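Observations on the three-dimensional arrangement
Below, each chain spelled out in residue letters.
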Amino acid sequence: VRGKDVSWGIWSNTRLPGSASVYVPASKEGGAIRIEFTAWTPDKDRVLPYDITDGFLHFDVPALVSDKEHVLTSKTFMYPSAPYIAAFSGGYLFIKSAELPATDNIHPAQAAVEIYKLTGNIKDGLTELEMHGAFKTLKPGESMSFEENWELIPCKDLPGTADRIKFLQEKLK
């Protein structure tokens, strides 16, 4: 136990293959989206593109699917319009959800939801789905927690954005 205050935030990081198709509920305005690219991809044209379709931010952009020449990467920071992240991978729909804190209770360098994608001309790629709890200052002896729920739903391979969004919306009812 520390003898002085400590500021801390708890978050989860779930790793999936780089080929996972990710969907995050987003308002028409996008939910305060910030995209960063890493030193691995210093050229802005190599930042992973995204789109917002039927209320979901996703990375199913035709240019991405066809680009096998570049390594594409990005870190997306956002405040979703609903507290979950969904991903299609390996014949399953994976949904992780949590009660997310107000935007002013999250560390200023982070967001409620963060998606890291590494894909393109790379052997395996990587998708990371992060959800952040509140950033708090704890006094000695105090504690905090962050809880999320996971759901894994079998599904056939759904080739297009519209098919995946329809399946996801049906499962969320």
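Placed above this text is the structure.
Remember, it's a predicted structure, so these values are computed and weren't measured experimentally.

Criteria and thresholds
Residues numbered from 1 in each chain as written. Predicted model: local features only at pLDDT ≥ 70, side-chain atom pairs only at ≥ 80, totals over all residues. Heavy atoms only, no water. Buried < 20%, exposed > 50% of the residue type's maximum accessible area, 1.4 Å probe, protein only. Helix = DSSP H or I, 4+ residues; strand = E, 2+ residues; numbered from the N terminus. Pairing = 2+ DSSP bridges. Core = buried A, V, L, I, M, F, W, Y, C linked by side-chain atoms within 4.5 Å. Contact = heavy atoms within 4.5 Å. Phe/Tyr/Trp six-rings, centres within 6.5 Å; stacked < 30°, edge-to-face > 60°. Polar contact = N/O pair within 3.5 Å; in protein donor to acceptor, adjacent residues only side chain to side chain. Salt bridge = Lys/Arg side-chain N within 4 Å of Asp/Glu carboxyl O.

**Quick notes on the pairing of strand S8 (residues 92-98)**
The buried fraction of S8 is high, at five of seven residues. Hairpin remark: strand S7 (residues 84-89) followed by S8, antiparallel, with two residues in the connecting loop; positive phi at Gly 90, about 55 degrees.

**So, the nonpolar core**
In terms of nonpolar packing, the biggest core is built from 16 residues, with Val 22, Val 24, Ile 85, Val 113, Ile 115 and Leu 129 touching the most fellow members. Of all the secondary structure elements, the ones that give two or more residues to this core are strand S2 (21-25), S7, S8, strand S9 (113-120) and strand S10 (126-138). Filtering out sequence-adjacent residues up to four positions away, Val 22 remains in contact with Leu 57, His 58, Phe 59, Ile 85, Ala 86, Ala 87, Ile 115, Lys 117, Thr 127 and Leu 129. Ranked by size, the runner-up nonpolar core spans 13 residues in total, among them Phe 56, Tyr 84, Leu 93 and Ile 165.

**A short note on unusual backbone geometry**
Not every positive phi belongs to a glycine, and Asp 54 is a case in point at roughly 50 degrees. Mapped onto the secondary structure, Asp 54 falls in the loop between strand S4 (51-53) and strand S5 (56-58).

**Points about the packing of aromatic side chains**
Two descriptors summarise a pair of aromatic rings, namely the distance from one centre to the other and the angle between the planes of the rings. This model, assessed by the stated rule, comprises four aromatic pairs. Taking the centre distance of 6.4 Å and the plane angle of 80 degrees together, the rings of Tyr 23 and Phe 56 count as edge-to-face. Placement of Tyr 23 in strand S2 and of Phe 56 in strand S5 is noted, with a sequence separation of 33 residues between them. In this pair, the class of Tyr 23 matches that of Phe 56, namely buried. When the centroid spacing of 5.0 Å and the interplanar angle of 90 degrees are considered together, the rings of Phe 94 and Trp 150 count as edge-to-face. Residue Phe 94 is located in strand S8, and its partner Trp 150 is located in strand S11 (residues 148-154); the two are separated by 56 residues in the primary sequence. Ring-pair connections join several aromatic residues into one group, and the members of that group are Tyr 23, Phe 56, Phe 88 and Phe 167.

**Details of the side chain of Lys 96**
Mapped onto the elements, Lys 96 comes out in strand S8. Since its relative accessible area comes to 0%, Lys 96 is described here as buried. A polar contact of 2.9 Å, which involves the side chain of Lys 96, links it to the side chain of Ser 12. Reaching out from Lys 96, the side chain makes a polar contact with the backbone oxygen of Leu 129 at a distance of 2.9 Å. Dropping the residues within four chain positions of it, Lys 96 is found in contact with Ser 12, Asn 13, Thr 14, Pro 83, Tyr 84, Ile 85, Leu 129, Met 131, Glu 148, Asn 149 and Trp 150.

**Regarding the pattern of salt bridges**
Throughout the structure, instances matching the rule amount to five salt bridges. Between Lys 139 and Asp 5 there is a salt bridge, and its shortest N-O distance comes to 3.5 Å. A residue pair is termed long-range when its members are at least 10 positions apart, and Lys 139 in the loop between S10 and S11 and Asp 5 in the segment before strand S1 (6-16) qualify at 134 residues. Here Asp 5 falls in the partly exposed class, since its relative accessible area comes to 40%. Where Lys 96 meets Glu 148, a salt bridge forms, and the shortest distance between an N and an O atom there is 3.5 Å. Taken together, the positions of Lys 96 in strand S8 and Glu 148 in strand S11 put the pair 52 residues apart, joining distant regions of the chain.

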